[in-house]
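# A structural walkthrough
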Amino acid sequence: MDNKILFFLAGFVRNPKEVGALFPSSTFVAKKIAKSIDFNKAKVIVELGSGTGTLTKEIIANAQKDTKIYCFETDKKFCIKLKNDFEDRVKILNQDAINVSKIKSDCIVSGLPFFNFSPSLRKLLLAAIKRSLNPDGSLIMFGYTTNMYKMLNQEFQYVDKQFVPLNLPPCFIFHCKL
């Protein structure tokens, strides 16, 4: 088994409610999410729940050189790995995602396990995300169920849902605009 997968699995064992999955997201999911980001317009991109950096790597590969990229991750070991892999290009924040409201952003991507959180925390996180986003900004998130779809439709003007079978487990990507 790949070291990255074992490292991620250890993170899940340490804190399953926050990590939310046994395996990191696939490169297929990361590429699909990256295709939804307008890298010509996105001058500030925030990633919530960066994990071991599968999506971070794809964002860096496509972002403009002057784009600011922030990664929020609460797992200290994941943060160390992210800093070792990406510190020259990304600001790694070992903070709760609720602090995203302190950064004005053009795009927020999220791998947070929203449905592992209480309904009140989900509402607080979505409110913080909306405060962070510029008026034409977007939230792109993925999850393993469609349970968040109704709440996203209540909070955003536009929500697109795509099923991605090439992930373990298969997942859904939600692209939301204010």
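Below is a summary of the structure that appears in this document.

Cut-offs and rules
- Residues numbered from 1 in each chain as written.
- Predicted model: local features only at pLDDT ≥ 70, side-chain atom pairs only at ≥ 80, totals over all residues.
- Heavy atoms only, no water.
- Buried < 20%, exposed > 50% of the residue type's maximum accessible area, 1.4 Å probe, protein only.
- Helix = DSSP H or I, 4+ residues; strand = E, 2+ residues; numbered from the N terminus.
- Pairing = 2+ DSSP bridges.
- Salt bridge = Lys/Arg side-chain N within 4 Å of Asp/Glu carboxyl O.
- Arc of directions from axis to C-beta.
- Polar contact = N/O pair within 3.5 Å; in protein donor to acceptor, adjacent residues only side chain to side chain.
- Axes fitted to C-alpha atoms, helices over the stretch in contact; angles between N-to-C directions.
- Contact = heavy atoms within 4.5 Å.

Let us look at the pairing of strand S4 (residues 105-110). In terms of residue burial, S4 counts as a mostly covered element, since 6 of its 6 residues are buried. Of the strand pairs in this sheet, strand S1 (residues 44-48) and S4 are connected by 4 bridges, and their pairing is parallel. Its bridge partner lying in S4, Ile45 is registered against Cys107. As paired strands, S4 and strand S5 (residues 133-143) are joined by 5 bridges and run parallel to one another. The residue of S5 that forms the bridge with Cys107 is Ser138.

According to the stated counting rule, one finds 4 salt bridges in the structure shown. Between Asp85 and Lys81 there is a salt bridge, with the nearest N and O atoms lying 2.5 Å from each other. Pair noted here: Asp85 and Lys81 are both in helix H5 (residues 76-86), with a separation of 4 residues, about one helical turn.

The next thing to look at is H5. Note that an α-helix has 3.6 residues per turn; residues three or four places apart therefore point the same way. Where H5 is concerned, the buried positions are Phe78, Cys79, Leu82 and Phe86. End-on, the buried residues of H5 take up no more than an arc of 100°, which puts them together on one face. Facing away from the buried side of H5, by more than 90 degrees, are the exposed residues Lys76, Ile80 and Asn84. Among the residues of H5, the N-terminal cap falls to Asp75, whose side-chain oxygen and the backbone nitrogen of Lys77 are separated by 3.0 Å.

As a further point, take the sheet that holds strand S2 (residues 68-72). Spatial strand order, S3-S2-S1-S4-S5-S7-S6: 7 strands in an open sheet with mixed pairing. Each end of this open sheet is capped by a strand with a single partner; those strands are strand S3 (91-93) and strand S6 (158-164). When the angles between neighbouring strand axes are averaged without regard to direction, this sheet yields 15°. Pairing between S6 and strand S7 (residues 171-177): 7 bridges, direction antiparallel. Pairing of Gln162 across the sheet is with Ile173, part of S7. Along the sheet, helix H4 (residues 54-62) makes contact with S1, S2 and S4, crossing S1 at roughly 170°. Against the sheet, helix H6 (residues 119-132) makes contact with S1, S4 and S5, and its axis sits at roughly 140° relative to S5, the strand it touches most.

A few words now on the environment of Leu139. Summarising the element assignment, Leu139 is placed in strand S5. Judged by its relative accessible area of 0%, Leu139 falls in the buried class. Residues contacting Leu139, with those up to four places away along its chain left out, are Ile108, Ser110, Leu126, Ile129, Leu133, Leu152, Phe156, Phe174, His175 and Cys176.

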